[in-house]
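Secondary and tertiary structure notes
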Amino acid sequence: MVQGLDIARWRLRTQYLVWPHAVSAREAIGSLLAVQAENPGQAAWAVAARTPSPDQADLVALLDEGAVVRTHVLRPTWHFVLAEDIGWLVDLTGPRVRRVTGQQLRDTHGLDERSIGRAVTAVAHALAGRGQLTRAQLAEELRERGIRGSRQMLMILLAHAELDGLICSGPVADGEHTYALMDERVPAPRRLTRAEALAELALRYFTGHGPATERDLAYWATLTLTDVRAGLMQVGDRLGSFSHDGRTFWHAPGEAPTRPQQPAGHLLQILDETYRGYQDSRWLLDAAGDVPRTREAAAGMALVDAQLLAAMRRTLTLGHVQFDLRPYRALTPPELEALDQAARRYGAYLRLKARLTLP
């Protein structure tokens, strides 16, 4: 009988957060299919933490050369995605999410369909003429074309264009995210039929995030359960499954880990795929029920042996990175040691000395 803790440990192994890690940042992203990247700096650690020798340069190089793009897909937020996957993923998940951004542009910012189309066309013309541009540069381009709006409106407009497969991330310029035309950044995107895409999505999600439920995938990809089940029907014979707590969990063939794994401790953002990659079965991270089931108040989390033990806040200071913990219960000396090791690993990645503090 597979227990909740077994599933939580299994997910850490599936997601390369414990040994054996992914061999590279590229493999980590490809295995997960997409990595939420709303906060690019901490999302970069989400990728690096899954490799044996975390190095900031690995992901930077992939983004600069266009092997990885940062764009809106799956849900109304940014994700890191391999360039070879972005075409079919946007085709499959973009339309439903684009309804959300379209409604925001209409209801909150007062744009009609004609105005939205005109603004998106202006963005495309600016990028075609000048190459990659930052959001501030695009705002100026739009103003010169008589299109004005708030910072929030522009952010949603650009997401709307990304979800249509028109634009995506360009190379980072002086530490800033830039936008570029998708056709120039990804000139030969992989395309799939809808049936093929649903099958690919189900296989990649459950092998990269499993064990997980069909409702977890429906949330993760903003799809209907009917869509998820259509994909599962095609690839179910290539997956394993079991029942737990009245739900069916799907996973890559293999057995659950039965003991703690290494590294035991992890300091991650709340947007990490270990948390945000699930909804239906998210709280397997807290088998003891110590974490309040309220909206997240902290930006980070501290895990030991696949269990969420404390909220975490990361602060960068001159020469140091500080991790302030707010435990949900008293931590044992071995748990504190595991988290101290996690802090040192994170600090080494940032090339800073690490401090771990408690109230």
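Scroll up to find the structure.
Residues numbered from 1 in each chain as written. Predicted model: local features only at pLDDT ≥ 70, side-chain atom pairs only at ≥ 80, totals over all residues. Heavy atoms only, no water.

**Looking at the overall build of the protein chain**
The cut-off we apply is this: Counting from the N terminus, the helices are the DSSP runs of H or I reaching at least four residues and the strands are the DSSP runs of E reaching at least two. We compute the radius of gyration over the C-alpha atoms and compare it with the globule rule, which gives 2.2 Å times the number of residues raised to the power 0.38. For every residue, the accessible area (1.4 Å probe, protein chains only) is compared with the maximum for its type, and the residue is labelled buried under 20%, exposed over 50%, or partly exposed between those bounds.
The secondary structure content of the protein chain amounts to 14 helices and 13 strands. Here the C-alpha radius of gyration of the protein chain, 21 Å, is about what a compact globule of 359 residues would show, namely 21 Å. On the principal axes, the C-alpha backbone points of the protein chain span a range of 60 × 55 × 35 Å. Out of the 359 residues in the protein chain, the part that is buried amounts to 55%.

**Some points on the packing of aromatic side chains**
Using the following cut-off: Aromatic rings from Phe, Tyr and Trp, taking only the six-membered ring of Trp, are treated as a pair when their centres fall within 6.5 Å; an angle between ring planes under 30 degrees marks them as stacked, one over 60 as edge-to-face, and anything in between as tilted. Either the NZ atom of lysine or the CZ atom of arginine qualifies as a charge over a ring when it sits within 6 Å of the ring centre and within 35 degrees of the ring normal.
A full pass over the atoms with the stated rule returns nine aromatic pairs. Taking 4.2 Å as the distance between ring centres and 15° as the angle between the ring planes, the aromatic pair formed by tryptophan 45 and tyrosine 346 counts as stacked. You can see tryptophan 45 sitting in helix α3 (residues 40-48) and its partner tyrosine 346 sitting in helix α14 (residues 333-350), a full 301 residues away along the chain. For the pair shown, tryptophan 45 and tyrosine 346 are each scored as buried. Look at tryptophan 45 and tyrosine 349: their rings are 5.0 Å apart centre to centre, the planes differ by 50°, and that puts the pair in the tilted class. Pair noted here: tryptophan 45 is in helix α3 and tyrosine 349 is in helix α14, with a separation of 304 residues, a long-range link. Residues tryptophan 45 and tyrosine 349 agree in their burial class; the two are buried. When the ring centre of tyrosine 278 is taken as origin, the NZ or CZ atom of arginine 11, which lies over that ring, is 3.7 Å away. Sitting above the plane of the tyrosine 275 ring, arginine 282 keeps its charged end 4.4 Å from the centroid.

**A look at the layout of surface pockets**
A probe matching the size of a water molecule, rolled over the atoms, marks out where space remains unfilled. Heads up, the rule is: For each structure, a 1 Å grid was placed over the protein atoms alone; sets of points admitting a 1.4 Å probe that cannot get out are labelled cavities, open sets with protein on both sides within 12 Å along at least five of seven lines are labelled pockets, and lining residues have an atom within 4 Å of a point. Grid points are joined across faces, edges and corners, and a volume is the space filled by probe spheres set on the points. Lys, Arg, Asp and Glu make up the charged group, whereas Ala, Val, Leu, Ile, Met, Phe, Trp, Tyr, Cys and Pro make up the nonpolar group; the residues left over, Gly among them, are polar.
Estimates place the volume of the largest pocket at around 400 Å³. If you trace the largest pocket, you find 19 residues lining it, with Pro40, Gly41, Ala44, Leu63 and Val172 closest to the centre. Elements supplying a minimum of two residues to the lining of the largest pocket: α3, α4 (56-65), β11 (307-317) and α14. Here the lining of the largest pocket gets four residues from one element, more than from any other, and that element is α4. Split into classes, the residues belonging to the lining of the largest pocket amount to 10 nonpolar, six polar and three charged. Within this model, the second largest pocket holds a volume of roughly 310 Å³. Lining of the second largest pocket is provided by 17 residues; of these, Thr134, Arg135, Ala136, Arg151 and Leu154 occupy positions nearest its centre. Going through the elements one at a time, α7 (135-144) and α8 (151-163) are the ones with two or more residues in the lining of the second largest pocket. Looking at the lining of the second largest pocket element by element, the count peaks at five residues for α7. Grouping the constituent residues of the lining of the second largest pocket by class yields eight nonpolar, four polar and five charged.

**Considering helix α6 (residues 113-130)**
Defined as follows: In this scheme, a helix's expected span is set at 1.5 Å multiplied by one less than its residue total. Note on definitions: a residue-residue contact is assigned when non-hydrogen atoms from the two residues lie within 4.5 Å.
Helix length check: α6 (18 residues) gives 26 Å between terminal C-alpha atoms against 26 Å at 1.5 Å per residue, within 8%. Within α6, burial applies to Ile116, Ala119, Val120, Ala122, Val123, Ala124, Ala126 and Leu127. In the core, the buried residues of α6 are packed alongside α5 (83-107), β4 (133-134), α7, α8, β5 (167-169) and β6 (178-181). Among the residues trailing α6, glycine 131 stands out with phi positive, at a value near 80°.

**Structural notes on helix α2 (residues 25-32)**
With six of eight residues buried, α2 is to be regarded as a mostly interior element. Along α2, the residues classified as buried are Ala25, Ala28, Ile29, Gly30, Ser31 and Leu32. Immediately beyond the C-terminal end of α2, within one or two residues, lies leucine 33, with a positive phi of roughly 75°.

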